[in-house]
Structures are given as structure tokens and as C-alpha cells.
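Coordinate analysis (summary)
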There are 2 protein chains.
Amino acid sequence: MSTQTVEQAMLTLGENARQASRELMRAPGSAKTRALLAMADAIADRRKTLQEANRQDVEAARANALDAAMLDRLTLSERSLDLMIEGLRQVAALPDPVGSLGPTAIRPNGMRVAQMRVPLGVIGIIYESRPNVTIDAAALCLKSGNAAILRGGSEALRSNLALAEVVRDGLRAAGLPEHAVQVVETADRAAVGKLITMTEHIDVIVPRGGKGLISRMAAEARVPLIKHLDGNCHVYIDAAADPEKAHGIAYNAKTYRYGVCGSMETLLVNAAVAVSILPRLAAALLAHGVELRGCERTRELVPQARPATEEDWATEYLGPILAVRVVDTLDEAIAHIARWGSGHTDAIVTEDLGAAQRFQREVDSASVYVNLPTVFADGYEYGLGSEIGISTNRLHARGPVGLEGLTTYKWVLTGDGQLRG
Amino acid sequence: MSTQTVEQAMLTLGENARQASRELMRAPGSAKTRALLAMADAIADRRKTLQEANRQDVEAARANALDAAMLDRLTLSERSLDLMIEGLRQVAALPDPVGSLGPTAIRPNGMRVAQMRVPLGVIGIIYESRPNVTIDAAALCLKSGNAAILRGGSEALRSNLALAEVVRDGLRAAGLPEHAVQVVETADRAAVGKLITMTEHIDVIVPRGGKGLISRMAAEARVPLIKHLDGNCHVYIDAAADPEKAHGIAYNAKTYRYGVCGSMETLLVNAAVAVSILPRLAAALLAHGVELRGCERTRELVPQARPATEEDWATEYLGPILAVRVVDTLDEAIAHIARWGSGHTDAIVTEDLGAAQRFQREVDSASVYVNLPTVFADGYEYGLGSEIGISTNRLHARGPVGLEGLTTYKWVLTGDGQLRG
């Protein structure tokens, strides 16, 4: 297809989505629930068809020599289908955020002022090889009353189109517009270029993928993105830390899973407790296969650590490496995080109420923890039911973004003929 | 100055603002209040100096043949100084939004999850000839813990620099960083270009001014804007409207002030009540000097009305002109607003609960009223204390934007050593 044809196809998707979004905004919660449950049933009924489409994607990917991790993410196993079904049922069971009214104020002239939660409108999701995102994103967008345009990786196109069938059937079964969820059918890159600039039809884009993909998009997008680039997360062990908690939290923050964005990348330790805490913690991390890179004072206590450079303070390893720095004060820890952090998730370990309060007040990150490992950065853990992504934006949604982050509000005012004089 | 010098000067302002914003974030509410009250006192003390600076601006503007309306907006009268002083004292008295915690959820593992309200960071305000915006914007940004960079019209530069002195003195008196509020000192247009693209130092821009200014900015900005372009506001008189309320509301919505963005631009009237309501209402509006442009059915009832074209449905007149259309149903009214409206403020007049609820639910505007004129679109009327502007964005703040719209939140989680397993 020519770029022009692709752009025209995207415009049509956009117009269809806008139209569907107008209908979805006023769809009753019961219809949305029915659609989600019908999708879950359709996946259960059509495992064979879905896996056959996926097998073709996986074979093509293997022929293109995709690496093992990518192949793993691409594959629709029985278990990943089970998780999709379970996910759909969970989202169906969440409370409908749309139409709820906040507190009502009565103004001196008697008029009533409140905010009503409403859908954002049309959401574009751009993601890489995981086909399960197709279902997760469709479910969250639908539940929050938004139309969705989904653009997955080209290597997962057959799987995504098969899943789109399931979604369409669910929508139809509930009497909802078929264009409420659309999958981009072309692998052409021009499709993304159009999607992220089509401000008249798309209200927000949620990109999910590597930092390279997202920063390219951020540079070119005209549609607002809900996104994060880096998760350079810190744990600071304060002078007043409980040594056992500090050990457990720091170890868990690094080793729970190296690849998640909430994984700790730099450990800051107050000099007053470094001698008692660092050697044992370092030994445990080294035994687990974690490479340590430390400042000079760290290396006096942990000779196995390699010297850290400034680049280490700036790096999100997403792997078995940890930067370690000894600091003298809480202020120094807060300053290090302000200078090198990415505003994602940072934690303090302390029994000192004042230090805990100062850290939570002064560290300017989307999530700030006391006595918890940074790996709790996840919408489900926060009680949001599910998440579409994690945001380090300052406007709109921040941190894990659940259904509420996919909505906005409008002001509803009710009077009895009051006039402005 | 060369463009490069201007850009370098803007970068320095940006860096200073970011630094000041870090300090402001943790400033106690009492210091911010002290600064605002000191600014009010300083204006009272320095009326002569301020009016002398303003006199030079006004003379230059007169020499440049600025029109009377612009000259009026530019002039700092005794009354406008009084209003600034009063405004500062009112903002000082508002509750500090920063640091407040929302409801705390306790998760099954015992960790506590809450949201803390925090400043956005650095806010850029770009405005035209009114020097009072310098004080209003400085006050709202400071109260909400944000650093501000203010860029007023070149015709008001001397006035704005004199007001900036007052602001600096207030900040100093309260021990707050002087760079918390900075005024751009160059009239060079390259300054705006840099301001709206300096994403590393500016978190949000609030443009205040004409549609031309704002749409140019929206096309070039990389920093998010809190803005609205049009206020093409509608009043729909439903079949179940109380005729007296309908008359009062429609008349007030048009004639309260032609130039405000909440002014009614199109009146929609249900055919069932058009005969009983339109002729009398039209006579009152015509008597007030309002030109009417109507659909055919309107013109049968109001022969003085000129024929309306599609362009009339699309136009925000901001003047003594009103478009009028007779519709057969609530659905037709809602569809007209969806097609032609600008998502700003729209109202229904009805005694029918079902019609009121459907209108408020289905009209997708920032503010949707029942039995109130659209001219209530104002932060003060909503109980926000004051407003920095009105937003028709879908993300972040919508409708009148007060102190809360200048803040964001962070997640604060507190545990006791819980781990993720």
C-alpha cells in the first residue's frame, strides 16, 4: 500500500472509532459487561483457531530469527489463553467508572456543582509482540467507555486479527458498535505515524514497548501520550532503618524480576548503617548472580563491587546489575534521586516518622514508598483491578493507570433558573 | 538580540524556574500565604510607581495606534490595582492544595495506598495586553506550589516588569526563592517559540488570548497546553421547559456579556414550544440590539431574523449576534451540539428529569448545565476560588481550572516490610 492509502485507511479507522465512541459513552454498564463475558466465552470456544493463527505468526517469526524472549512473548500458550479469559472476567466484574458523580457542592445562589466521570473518547494502543495486550487493552478501553484502535507488532498480526474477531463477536452479542475496538490491519509503519498525529480522531495514545519505540513516538506525536520512558528506581536505606526490613526490601526490589520497570536499579545506603547492612546484603545479591557497581565507600565494604561511574547512576539496567552508593544524609539521598531518577518509583526504608514523611513529601516521583520494595509498582497491587500502563507524565494520570486514568470528568451544574448578574 | 541569545536567555529562565520549583514544592503553606500578603501590601505601597510604568506603556500603545479596547485592557486604573490587591488576599486565604492526602486504601497485605496532591512543577503563562494577569497568574501558581514563567504582551512590558518587582519583593519577604516567578524581559517572538518547546524545564503552558494566538501555539508546542480555542455554547429549550425560566436563561446567556467565552452563540428551541417562546424572546433580544440569524422555521416565527447558514452554527460570535434553530427532538439538539459545538459549555432548559439526565449524560462538553445560563462558566462561580483559565482538553483539567488543576498527584504507599512474591 502507498503511504497515502495507509493514511486514508487510518483516517477511516479514526472516523469509525469516533462514531463508535459517541455510542459507547452512553452504553449502559450491563452491555459492556455482557460484551466482556461474551469475549471470554468466545476465546474459550475458539482456542484451536486462535492457536492456529498464532502458530503461523510464531513460524514466520522463527524464520525471521526472532530471539527466544520475543518468541516466548509472541506465543499463545494454553496458559496465556486462560489468563486472557480470566482477565476479561475480572475486568467485567470491576465497577463501571462512567457516569459516577463526585461530591456535590451547593453554591450560595443554590445551584449544584458536581463532576461526572466520563470516557476520554478514542484511545490508541501501540504495542509490540505480546498478543495478550490486544485483549487486555480492548477490555480496559471498553469497560471505561472508550473506543480503541490497537496497533500490535507486525510479527503478531495474524494472532491479533484472530483475537479481533473474538472481540467483535463479543461486541455484537451485546449490541455494541463493532468499531468500538479496531485492530490496524497493515504492518506498514506509516500507520503509526498517522495514528499519533490524528488529533481530530484520537484523544490519547498509550504506547507499550521499549524505550526506543516510545521516545521516537514522543518526539513525533501530536496526540498526548500516557507513557513512561525509564524506571530508574531507587531504594534508600536510612540511618533509622530496621536492618532486617532493609535487607528483605532491598533484596526483593532487585531480585523479584529484573525486567519489570519497578525493579531497583540503584541502592542508596546511609553511612551510619552501611557497615552493618551492606556486606551481608551484597553477599546475598552476589550469590543470586547480581553484579554490583559501587561508589568508593561501597567498595571499601564490598570489595567485589566494580567501580560505579556517573553512567551507572543514570542507567535502568533491567537486568542483574545494581549500582550502590553510600550517602551521609537523607538530603543527599533525596538530591541523588532528584538528579538521577526518572520519577517512576522510589522507596525509603526507615523507622523514623520524620524521615519517612520528608521522603514522601520531597521525592517528586509518581510513586513514593516507605518500607516497601519498588517492585510493587503495578496497578493490580495498588487495587486498581488492572492497568493499561504506568505513567511518569505530570499531567492527567500518574503512576499505574487503571480504569479511572482512561476517563476524564465533566462539570454538571443544575439550577432552577438562576441568572448571572 | 539574536534568536540564539533569546533562546539561551529562556533556557536560563527555565533552569532557574526548575530549581525554584524544587524549593517551592516543599515550602510550607504559611510562607506562601506570607508572600501573597506581602505582594498585596507592596502594590498598595507602590501605586504611583506602578501607574507611572503603566503610563509609559499606554503612551507607547497610543502612539502605535492600538484600538480602544486594547488600551482599556492595558490601563492600570486605581480600580484595577484594588482588584489585584483583593485578588492576592483572596488567593492567600484559599486552602493550600499541596500535600493533602486522598482516601487511604489498605491492601490485603496491609500496605496503605493513597494519593498526595503535589504541584505540577513549572508553569508558563502566555498572555496578551492585560497586566493584571501578571499578578493573578503569579498568585495562583505560587499558591499551588508551582514556579511560573510569565510572558505578557510586548505592549505591557514596562507594567509587567514593575509588577514583577512587587512579586519578587513578596517572595523575598517570605524567604521563598526569587525565581519562583519570573517575567520574560524580551519582547522577541523567539522567546515564545522556545518557551513552548522547552519540555525539560516547563511542565505545562497556559495560553490566554485570542483563538489565533492559541491555535498557532497548539500547532508548535511540545509542552502540553491547558487551553480552549472556542466557546461555541448552546442553550436548548426543551419541550418540557418552563417558559419563564427559558426566557430568562436564554436572555441572560446572550446579553450578560457578549465577549465572555461562556456566552450563548446558538439557541436551539424544541418545535413544541417555539411558538409560545420564540417571538417574545426574539423581541427582547432584538430590542437589546442582538442580531438574529435563524433556520427557516425560526424565520416563520421571527421574520426579523436573517437566514442562518452552516457557518452560523459553527461561529463563536463573541458579539451581539445569535443563531437560532428549531429542532423536533432532544436527540436532534444533542446531535446539533455534537456536530457544531466546541465542547465548552452547553445548557438545557427543562422540567423533565429524564431529558435533563440524558442531556447531562450525553452532551460531551466540559460543562453541561440544567436550567442555568452558559455564562456561569467561571471558576469563581463554581466555587474554585479563582481560575487560571478554562480548558476544553480531554486530559487533565477540564472546564474552569482552579488551584487543583495546577496540581497533580503522586502515589504514596506505606508498608512495614511487605515483599512481593
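In this text the structure is predicted, and so the values were computed from the model without any measurement.

1. Here's the deal with the environment of I202 of chain B
Residues and elements named next belong to chain B. Inspection of the secondary structure puts I202 in the loop between α8 (190-195) and β6 (204-207). The spatial distance from the C-alpha of I202 to the C-alpha of A148 is 9.0 Å, given a sequence separation of 54 residues. Each residue touching I202, except ones within four places of it in the same chain, is listed here: R18, V122, G124, I149, L195 and V223.

2. With respect to helix α2 (residues 29-45) of chain A
All names here are of chain A. Here α2 is 17 residues long and its end C-alpha atoms lie 24 Å apart, about the 24 Å a rise of 1.5 Å per residue gives. Those residues of α2 not exposed but buried are A31, K32, A35, L36, M39, A40, A42 and I43. Structurally, α2 contributes buried residues whose contacts are with α3 (47-63), α5 (78-93), α6 (132-143) and α7 (157-173).

3. As for the pairing of strand β13 (residues 367-370) of chain B
Within a regular beta strand, the side chains point alternately toward one face of the sheet and then the other, so they alternate between its two faces. The alternating pattern of β13 of chain B places S367 and Y369 of chain B and V368 and V370 of chain B on opposite faces, both of which are buried. Examined bridge by bridge, strand β16 (residues 407-414) of chain A and β13 of chain B share four bridges and lie parallel to one another. Within β13 of chain B, the position partnered with W411 of chain A by the bridge is S367 of chain B. The pairing of strand β12 (residues 345-349) of chain B with β13 of chain B spans four bridges and is classified as parallel. Its bridge partner being in β13 of chain B, I348 of chain B is matched across the sheet by V370 of chain B. Chirality of the crossover, the property in question, places the unit of β12 of chain B, helix α15 (residues 353-362) of chain B and β13 of chain B among those that are right-handed.

4. Structural notes on the relation of the copies chain A and chain B
Rotating chain A by 180 degrees about the axis while translating it 0.0 Å along that axis superimposes it on chain B, leaving an RMSD of 0.0 Å. The transformation relating the two chain copies, once decomposed into turn and shift, fits a two-fold axis. Of the C-alpha atoms belonging to chain A, the one lying closest to the rotation axis is found on H396 of chain A, 2.0 Å away.

5. Some words on the interface of chain A and chain B
The interface of chain A with chain B comprises 72 residues on the first partner and 72 residues on the second. Roughly 6,100 Å² of surface becomes buried between chain A and chain B when both sides are summed, with 52% attributable to carbon and sulfur atoms. Of all residues in chain A, R361, W411 and R420 of chain A give up the largest surface area on contact with chain B, accounting jointly for 14% of the area buried on that side. Counting every contact that joins chain A to chain B gives eight salt bridges. Of the charged contacts in the structure, one is a salt bridge between R26 of chain A and E362 of chain B, with a shortest N-O distance of 3.5 Å. Linking chain A with chain B are 56 residue pairs in polar contact (both at pLDDT 80 or more), by the criterion used here.

6. Here's the deal with the sheet that holds strand β5 (residues 181-183) of chain B
Pairing between the strands of a sheet comes from backbone hydrogen bonds, and it takes one of two forms, parallel or antiparallel. All names here are of chain B. An order of β5-β4-β3-β6 is seen for the four strands of this open sheet, with the pairing classed as parallel. Of all strands in the sheet, those with a lone pairing partner are β5 and β6, marking the two edges. Across the sheet, the mean angle from the axis of one strand to that of its neighbour is 20 degrees, orientation sign disregarded.

7. Focus on the packing of helix α10 (residues 243-255) of chain B against helix α11 (residues 271-287) of chain B
Residues and elements named next belong to chain B. Following both chains from N to C, one finds α10 and α11 inclined at 30 degrees, their axes separated by 10 Å at the closest point. Judged on the interaxial angle alone, α11 and α10 are roughly parallel. In this structure, α10 meets α11 at a crossing whose hand is right-handed. Within the contact between the two elements, α10 uses P243, E244, A246, H247, A250, Y251, K254 and T255 and α11 uses I277, R280, L281, A284 and L285.

8. A few points about the UniProt feature "domain: Aldehyde dehydrogenase" (unreviewed entry) in chain A
All names here are of chain A. On the UniProt side, "domain: Aldehyde dehydrogenase" (unreviewed entry) is annotated at positions that read residues 15-285 and 313-379 here. Helix makes up 52% of residues 15-285 and strand 14%, whereas the separation of the span's terminal C-alpha atoms amounts to 53 Å. For residues 313-379, the helix share is 36%, the strand share is 24%, and the end-to-end C-alpha distance is 27 Å.

Quick notes on the rules
- Residues numbered from 1 in each chain as written.
- Chains lettered and ligands numbered in written order.
- Predicted model: local features only at pLDDT ≥ 70, side-chain atom pairs only at ≥ 80, totals over all residues.
- Heavy atoms only, no water.
- Helix = DSSP H or I, 4+ residues; strand = E, 2+ residues; numbered from the N terminus.
- Contact = heavy atoms within 4.5 Å.
- Expected span 1.5 Å × (residues − 1).
- Buried < 20%, exposed > 50% of the residue type's maximum accessible area, 1.4 Å probe, protein only.
- Pairing = 2+ DSSP bridges.
- Right-handed = clockwise from strand over helix to strand, strands pointing away.
- Least-squares fit on C-alpha atoms with pLDDT ≥ 70 in both.
- Buried area = accessible area lost by both parts, 1.4 Å probe.
- Salt bridge = Lys/Arg side-chain N within 4 Å of Asp/Glu carboxyl O.
- Polar contact = N/O pair within 3.5 Å; in protein donor to acceptor, adjacent residues only side chain to side chain.
- Axes fitted to C-alpha atoms, helices over the stretch in contact; angles between N-to-C directions.
- Parallel < 35°, antiparallel > 145°, perpendicular 65-115°, else oblique.
- Left-handed = near helix turned anticlockwise from the far one by under 90°.
- UniProt positions renumbered as here; feature names shortened; annotations may be inferred.

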